[in-house]
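What follows is each chain in one-letter form.
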Amino acid sequence: AFLLNIEMNMCSICENRHILIEALNLAALKPAHLITKDSDLKREITGVSVIEPPVEHFVRSGDLVLSTGMNVGKDTTLMTRFVRDIARSEATALMLAVGPHALGFTPRARRVAREHGMPLFELPWEVRFSDISEAVLRLIISEQLETRRRDDFIWSLADGTFHSVDSVLTQAKRLGYDLTKPYIALVGELTKSEEGSPAPLLHTLQQRASEERVICLETSSGNRLVAFLQIKHLSQVETLVTGLEATWGVSETMTGVESFHSGYQAAQNALRIGLKLRGPKSVTYASDTLLAQLLLRLAKEGESYRLRERYLKPLEDYQTSTGVNILETLRVYFETQGDTSKAARHLNIHRQTLLHRLGKLQEVAQCDLNQADDRLALELCLRLLHSQES
């Protein structure tokens, strides 16, 4: 077996999309003739293999495979097996040089390729495989470098580490973006069941953004995804992320280059709060977390400890000694806006039992639920407790 396997050892290569249809525009591939007309040409290319039978483990997923068909080209059965083996390796496409070893793909080989969704091409014998390999790998490297420049640019916006507004606007224009338009920041975190490469999610997000005609600057780091979206309505976010296995935080609308950093931070905070309060796969908007952020800041203040000592400590001690969940009773009472009949039904107790508990609560905490200040203090304490527990 003859094998020339061009390796791209940069792990980040696998996270970028270099598709077959782009490679076909290369001068070296102009002579390639597509045999399977209904094939998907948007398949990803991650490398190039030049190979003759046996295939074994020498072809990787994503490879563009080149072959002369030596030893199989004139035998229908061997040709069919050869195409099937390459298709099962999840190669992107197979290109066959038509010449002394093979006159072309047989009908059975074409049928097998279609069954696996793998495109087949025939090449004139005089086309040099080395020219194709070099051209395709140059394309991959070029796109990789461009992607890195783009990623660095997006992170500079998120981190606020750019040199000047003018330099950012110039670079954005070169990349085809208009940062004078309103954007929102979107931050996602892969759910534990989906931990791994975020590339598939980013690819789907970019596809959906394209379909919705939304400008999308997206990148990732570890299990964290970051995107800046030029959208008209926040409601479009749901369309873009629904079904994607991640938890999302969304900023408010940003205007101006300087606002990208604060927008990114706001989206991160919304993600963090949403993960705590709503759980995985939720979408949380920064505009809906203002109270939660205030409570989190208050929970770190010394005064909040004194407030809890004054109102909650006596109730917690009472709860421990009696086994009566007095704090849950108070929470439901507040959630039902003081409607004792509704609160009793939620707690599955008699209304008189609820009234007795509320009376005991006021006695133990030395407060009056008819007084606005006491009600506010108690509800604030409950919310602070919930924030810390979350």
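Residues numbered from 1 in each chain as written. Predicted model: local features only at pLDDT ≥ 70, side-chain atom pairs only at ≥ 80, totals over all residues. Heavy atoms only, no water.

K.L.:
Hey, could you run me through the nonpolar core in this one?
P.N.:
In summary, soluble globular proteins display a tendency toward joint burial of nonpolar side chains. Counting 27 residues, the largest nonpolar core has L20, L64, L66, M95, F121, I132 and V136 as its most contacted members. With 7 residues, the single largest contributor to this core is helix α4 (residues 129-159). Grouped together as the second largest cluster of nonpolar side chains are 24 residues, L312, F334, L361 and L378 included. (Core = buried A, V, L, I, M, F, W, Y, C linked by side-chain atoms within 4.5 Å. Buried < 20%, exposed > 50% of the residue type's maximum accessible area, 1.4 Å probe, protein only. Helix = DSSP H or I, 4+ residues; strand = E, 2+ residues; numbered from the N terminus.)

K.L.:
Explain helix α2 (residues 76-88) to me, please; I cannot follow it from the model alone.
P.N.:
One turn of the α-helix equals 3.6 residues, which is why residues spaced by three or four share an orientation. Its 13 residues place the ends of α2 18 Å apart at the C-alpha level, agreeing with the 18 Å of an ideal helix rising 1.5 Å per residue. If you check which residues of α2 are buried, you get M79, T80, F82, V83, I86 and A87. Around the axis of α2, the buried residues are gathered within 160° of arc, so they sit on the same side. Elements in contact with the buried residues of α2: β3 (47-51), β4 (63-67), β5 (93-98), α3 (107-116) and β6 (120-124). The N-cap of α2, judged by a side-chain oxygen 3.0 Å from the amide nitrogen of T77 a few residues on, is D75. Note on α2: the residue one or two positions beyond its end, E90, has a positive phi of about 65°. (Expected span 1.5 Å × (residues − 1). Arc of directions from axis to C-beta. Contact = heavy atoms within 4.5 Å. Polar contact = N/O pair within 3.5 Å; in protein donor to acceptor, adjacent residues only side chain to side chain.)

K.L.:
Even after reading the chapter, I still don't get the pairing of β5, so can you show me in this structure?
P.N.:
As a general feature of sheets, a regular strand has side chains that alternate between the two faces. Among the 6 residues in β5, 5 count as buried, and that is most of the element. Note that the unit made of β4, α2 and β5 has a crossover that is right-handed. Once you follow β5 into α3 and on to β6, the crossover reads as right-handed. (Right-handed = clockwise from strand over helix to strand, strands pointing away.)

By themselves, these figures tell us nothing about what the structure is for.
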